[in-house]
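Now for the letters of each chain:
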Amino acid sequence: METEGLTKFYGTRRGLEDLTLEIRQGEVFGYLGPNGAGKTTTIRLLLDVIRPTSGRATVLGADTRDPRVRARIGYLPGELALEGRERARDYLQFLADVRGGVSRGRIDELAERLDADLSIRMGELSKGNKQKVGLIQAFMHEPELLILDEPTSGLDPLVQQEFLAMVREARTAGHTILMSSHVLAEVEHVADRVGIVRAGRLVAVEDIAALRERAVRHVELHFDAPVPKESFEGLPGVRDVVVRGASLRCTIDGRPDALIKAAARYTVVHMVSAEPDLEEIFLTYYSEEEGRHAHAGA
Ligand SMILES: Nc1ncnc2c1ncn2[C@@H]1O[C@H](COP(=O)(O)OP(=O)(O)OP(=O)(O)O)[C@@H](O)[C@H]1O
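Residues numbered from 1 in each chain as written. Predicted model: local features only at pLDDT ≥ 70, side-chain atom pairs only at ≥ 80, totals over all residues.

### Concerning the sheet that holds strand E8 (residues 176-181)
Across the sheet, which stays open at both edges, the 6 strands sit in the order E6-E7-E8-E3-E9-E10 with mixed pairing between neighbours. Looking at strand neighbours, the two that pair on one side only are strand E6 (73-76) and strand E10 (201-207), the edges of this open sheet. Put simply, the sheet's adjacent strands are angled 15° from each other on average, direction ignored. Note: strand E9 (residues 193-198) against E10, 6 bridges, orientation antiparallel. When the sheet's bridge partners are listed, arginine 198 is paired in E10 with arginine 201. Of the strands in this sheet, E6 and strand E7 (145-149) touch helix H4 (residues 127-139), which is tilted by about 170° from E6. Lying on the sheet, helix H5 (residues 157-172) is in contact with strand E3 (28-32), E7 and E8; it crosses E8 at an angle near 150°. (Pairing = 2+ DSSP bridges. Helix = DSSP H or I, 4+ residues; strand = E, 2+ residues; numbered from the N terminus. Axes fitted to C-alpha atoms, helices over the stretch in contact; angles between N-to-C directions. Contact = placed C-beta atoms within 7 Å.)

### A closer look at unusual backbone geometry
The backbone of aspartate 48 shows a phi angle near 60°, a positive value even though the residue is not glycine. Among the structural elements, aspartate 48 can be located in the loop between helix H1 (39-46) and strand E4 (54-59). With 17 C-beta atoms packed within 10 Å, aspartate 48 lands in the partly exposed category. Backbone geometry places alanine 199, a non-glycine residue, at a positive phi of 45°. Inspection of the secondary structure assignment puts alanine 199 in the loop between E9 and E10. (Buried ≥ 20, exposed ≤ 12 C-beta atoms within 10 Å, placed from the backbone.)

### What about the UniProt feature "domain: ABC transporter" (unreviewed entry) in the chain?
Taking the numbering used here, the UniProt-annotated feature "domain: ABC transporter" (unreviewed entry) corresponds to residues 1-224. Across residues 1-224, the secondary structure splits into 31% helix and 30% strand, with the terminal C-alpha atoms separated by 55 Å. (UniProt positions renumbered as here; feature names shortened; annotations may be inferred.)

### Let's talk about H1
Buried residues dominate H1, accounting for 8 of its 8 residues. Within H1 the residues assigned to the buried category are Lys39, Thr40, Thr41, Thr42, Ile43, Arg44, Leu45 and Leu46. Phi turns positive, to about 60°, at aspartate 48, one or two residues after H1.

### Details of the packing of helix H3 (residues 106-114) against H4
Where H3 meets H4, the closest approach of the two axes is 10 Å, and the angle between their N-to-C directions is 140°. One way to sum up the angle between H3 and H4 is to call them oblique. Classified by chirality, the crossing of H4 by H3 is right-handed. Together, Ile107, Leu110, Ala111 and Leu114 of H3 and Lys132, Leu135, Ile136 and Phe139 of H4 make up the contact between the two elements. Per-class residue counts for the contact of H3 with H4 are 7 nonpolar, no polar and 1 charged. (Parallel < 35°, antiparallel > 145°, perpendicular 65-115°, else oblique. Left-handed = near helix turned anticlockwise from the far one by under 90°. Nonpolar A, V, L, I, M, F, W, Y, C, P; charged D, E, K, R; others polar.)

### Side note on the sheet that holds strand E1 (residues 2-10)
Taking strand neighbours across the sheet as the criterion, the 4 strands line up as E2-E1-E4-E5 in an open arrangement whose pairing is antiparallel. Whereas interior strands pair on both sides, the edge strands pair on one side only; in this sheet they are strand E2 (13-22) and strand E5 (62-63). As paired strands, E1 and E4 are joined by 4 bridges and run antiparallel to one another. The partner of glutamate 2 across the bridge, within E4, is threonine 58. Packing of H1 onto the sheet brings it into contact with E1, E2 and E4, and relative to E2 it is tilted by some 65°.

So, in structure tokens, the structure goes:
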């Protein structure tokens with residue numbers, strides 16, 4: 001998937017401006033931004049639901065306007081309009097018959113994995129069940145490209161885990177996944193890269209692994225005897241050092257290497273290291289001036 005200078009104005013209102021982005025085959029790309037940032041606008045442009053004011057986009061090697069490309073995409077819209085008296089299973093079966101390419105038993109298999117009740121009438125589905133039906137129709141034909149707008153909204157944590165497993169399986173099959181969210185935590189365990197969009201502009205594209213390496217980490221070390229604070233002060237990437245007797249607390253920016261090597265001179269009896277807080281770095285993108293973090297060659 002590739003866009004070049006992709007721009008959409010709704011009258012004078014900016015939806016998306018000058019998006020140049022490439023998403024590689026077989027990668028999971030997290031598309032992040034607060035409400036109104038332009039995520040849905042981007043997705044609608046990729047699906048040719050709306051047409052750009054300027055710029056261009058290709059998906060699966062074809063122009064977005066090529067009608068043949070749509071069948072190779074699985075799409076979960078942000079707001080699903082599922083209504084009526086038809087039962088969810090009949091609706092999904094109808095879609096499967098129209099689209100083709102859905103193997104026998106696939107709908108039931110996905111429903112079981114997501115714990116979806118397909119006997120319910122569409123108009124009576126809860127928000128969570130609606131989302132599950134939306135996911136089933138997006139995944140059922142095992143599309144080469146999955147475009148998922150806020151896929152985890154309304155799902156409980158267990159179902160979210162199952163959904164992430166489905167995303168990983170799609171990646172293993174060589175498929176490409178673009179998923180939007182306004183929360184990094186929803187995508188960080190599965191995405192290879194994230195793009196951050198704000199007020200209609202892409203402000204950063206980051207490798208999740210690189211982001212994790214730069215992330216802030218809070219660490220606690222317990223020794224078998226009191227340690228001198230001086231041994232730990234001024235170490236590269238180590239700050240906020242507090243020593244109380246045989247315990248040390250500090251914050252690490254990025255790699256813990258210098259701290260580990262300094263600690264190795266003493267006897268460490270216990271260590272606590274919190275998960276790196278990616279959210280902390282991520283939020284700085286929102287408070288920075290627009291464009292300051294712009295990376296070329298996304
Ligand atoms: N049909 C429309 N007519 C006019 N303005 C629109 C339209 N759709 C979106 N916009 C505007 O374009 C901007 C981007 O909206 P978009 O829906 O793409 O954001 P988003 O990142 O998907 O946010 P959300 O998470 O709230 O869906 C917003 O300022 C929005 O008000």
